[in-house]
Amino acid sequence: MVKLTGMFRTICGAACGILAAAIVASGAGAAPPTVHQASAVTIAQPAATLAAVPGAVKVATAKLPALLTTQANLNLRTGSSTRTRIIITIPKGTSVKVHARASNGWYKVTYKSRTGWASGQYLAARKPVKSGTKLPSIPLAHQNRGPNKTSRVVLTYDDCPRTLSSFKSVINYAGKSNIGLVLAPTGDCLVSFKRRYGVDLAALARSKGQWVINHSANHVDLRRLSCTKGARELRGTGVRTNYGRPPYGAINSNVRCAYARADMKIWTWTHDTLDWMVRSKQTTVARAGAAKRGDTVLMHMQWEGFTPDSIRQIRNRLSDRGIGICRAYHGKDGRGAVARTPVYLPSSLPC
């Protein structure tokens, strides 16, 4: 996800891991709600070319605050809906200029000369509550390591890549270097790339021997939904498979019920780099490279750990400590060339 180590993400995105409306992010301590850290971040269009507000939502301009502050990492979109394209992610605690308010609670704002729409659920006149670096912790359980029963480290990436070229460069490198990554894209990310480029990111990743799991449709905090609505969110536009990662790594009884109803197992993480927060390649690489045997490392596709060079450095750091990294899929017999991974993950990942 951005993860807040649970809450961290919720707060900011925390993975890397923020919430679906607009927050980006990371698992239990990862990214913020779409304040994700997670959805795809694309080059902004001039304000004049922004898409119209979907659904003929009424827009009010009277009695509006001049400025509002983001309460988590928040996605700036081309329209007042999570179905519209993401322009850029606004960091938590940033003040933005307000132009209008839609009847659905979204605001038209400007950030770094880019104008678009952001969910009012994560905007307020006050500064966000400080949470330091401590997010809700993820309880240790089988869900943290998922189906990896080996001593090898699994590098996982939530949310959405910034560009199609960056995504292709990573999966091509991973396949050629015999590295097996676990990708958890959101449904809105898959829909966005499919609409813009006619490309299925999940299928493309699988063709290179990479694993793909569910990360919800819109990166919402599933704890706020009933079991039924949560299951509907999981069955939405997201990846259809048997393993999934809750946004922000946030879990309660409703979330467990939703995953059970959607016939999916939960896979969070054991090692959080907080890449969505530090936004430093050097720090992210160092943190990922410090993982222990059998760890599931959390990062995000929109931040600095998702590049061929970062992955190369992480693998070298682990190798220097005598720790292997999960290998690309080579078919059921584990022999021959890199093969397409199955949609449903095996109970024991062939790392």
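One structure accompanies this document, and this report is about it. This one's a predicted model, so the numbers in the text were calculated from it and none came from an experiment.

Some words on the sheet that holds strand β11 (residues 211-212)
- If you trace the 5 strands from one edge of the open sheet to the other, you get β11-β10-β9-β15-β14, paired in parallel fashion. The two strands at the open ends of the sheet, each matched to only one other strand, are β11 and β14 (271-272).
- In this structure, strand β9 (residues 154-159) lies alongside strand β15 (residues 296-300), joined through 5 bridges in parallel fashion. Paired with V154 across the bridge in β15 is T296.

Considerations on the pattern of salt bridges
- The tally for this structure, following the rule as stated, stands at 5 salt bridges.
- In this structure, D221 and R223 form a salt bridge, with 2.7 Å as the shortest nitrogen-oxygen distance.
- A salt bridge links D309 to K281, with the nearest nitrogen and oxygen atoms 2.6 Å apart. Here the residue D309 occupies a position in helix α10 (residues 308-320), and K281 occupies one in helix α9 (residues 281-288), the gap between them amounting to 28 residues.
- Given a relative accessible area of 28%, D309 falls into the partly exposed group.
- Salt bridges here are not isolated pairs; linked through shared partners, they connect K281, D309 and R312.

Regarding the packing of α9 against α10
- At a minimum axis separation of 8 Å, α9 and α10 run at an interaxial angle of 35°. Where α9 crosses over α10, the handedness of that crossing is right-handed. Taking contact as the criterion, the partners of K281, V285, A286 and A288 in α9 are, on α10, D309, S310, Q313, I314, R317 and L318.
- The residue inventory of the contact of α9 with α10, partitioned by class, reads 5 nonpolar, 2 polar and 3 charged.

Brief notes about the state of the cysteines
- Overall, the coordinates contain 3 disulfides when judged by the stated rule.
- Disulfide partner of C227: C257, at an S-S distance of 2.0 Å. Taking the torsion about the S-S bond as the criterion, the C227 to C257 disulfide, at about -75°, is left-handed. Placement of C227 in helix α6 (residues 227-234) and of C257 in helix α7 (residues 253-261) is noted, with a sequence separation of 30 residues between them.
- With relative accessibility at 28%, the residue C257 sits in the partly exposed group.

Things to note about unusual backbone geometry
- The backbone phi angle of H219 is positive, close to 60°, even though this residue is not glycine.
- Looking at where H219 falls in the secondary structure, it is placed in the loop between β11 and α6.
- By relative accessible area, H219 is classed as buried at 0%.
- Positive phi values are uncommon outside glycine, yet D263 reaches one of about 60°.
- With respect to the helices and strands, the residue D263 is situated in the loop between α7 and β13 (265-266).
- By relative accessible area, D263 is classed as exposed at 63%.

Quick look at the packing of aromatic side chains
- Inspection of every chain in the model, using the stated rule, returns 5 aromatic pairs.
- Look at W211 and Y329: their rings are 5.2 Å apart centre to centre, the planes differ by 65°, and that puts the pair in the edge-to-face class. Taken together, the residues W211 in strand β11 and Y329 in the segment after α10 connect sequence positions 118 residues apart. Y329 shares its class with W211; the two are buried.
- An aromatic cluster of three or more residues is present, and its members are Y157, F167 and F306.
- The ring of F193 carries R196 above its face, with NZ or CZ at 4.8 Å from the centroid.

Reading the values: rules and limits
Residues numbered from 1 in each chain as written. Predicted model: local features only at pLDDT ≥ 70, side-chain atom pairs only at ≥ 80, totals over all residues. Heavy atoms only, no water. Pairing = 2+ DSSP bridges. Helix = DSSP H or I, 4+ residues; strand = E, 2+ residues; numbered from the N terminus. Salt bridge = Lys/Arg side-chain N within 4 Å of Asp/Glu carboxyl O. Buried < 20%, exposed > 50% of the residue type's maximum accessible area, 1.4 Å probe, protein only. Axes fitted to C-alpha atoms, helices over the stretch in contact; angles between N-to-C directions. Left-handed = near helix turned anticlockwise from the far one by under 90°. Contact = heavy atoms within 4.5 Å. Nonpolar A, V, L, I, M, F, W, Y, C, P; charged D, E, K, R; others polar. Disulfide = S-S within 2.5 Å. Phe/Tyr/Trp six-rings, centres within 6.5 Å; stacked < 30°, edge-to-face > 60°. Lys NZ or Arg CZ within 6 Å of the ring centre and 35° of its normal.

As far as function goes, none of this settles anything; it's purely spatial.
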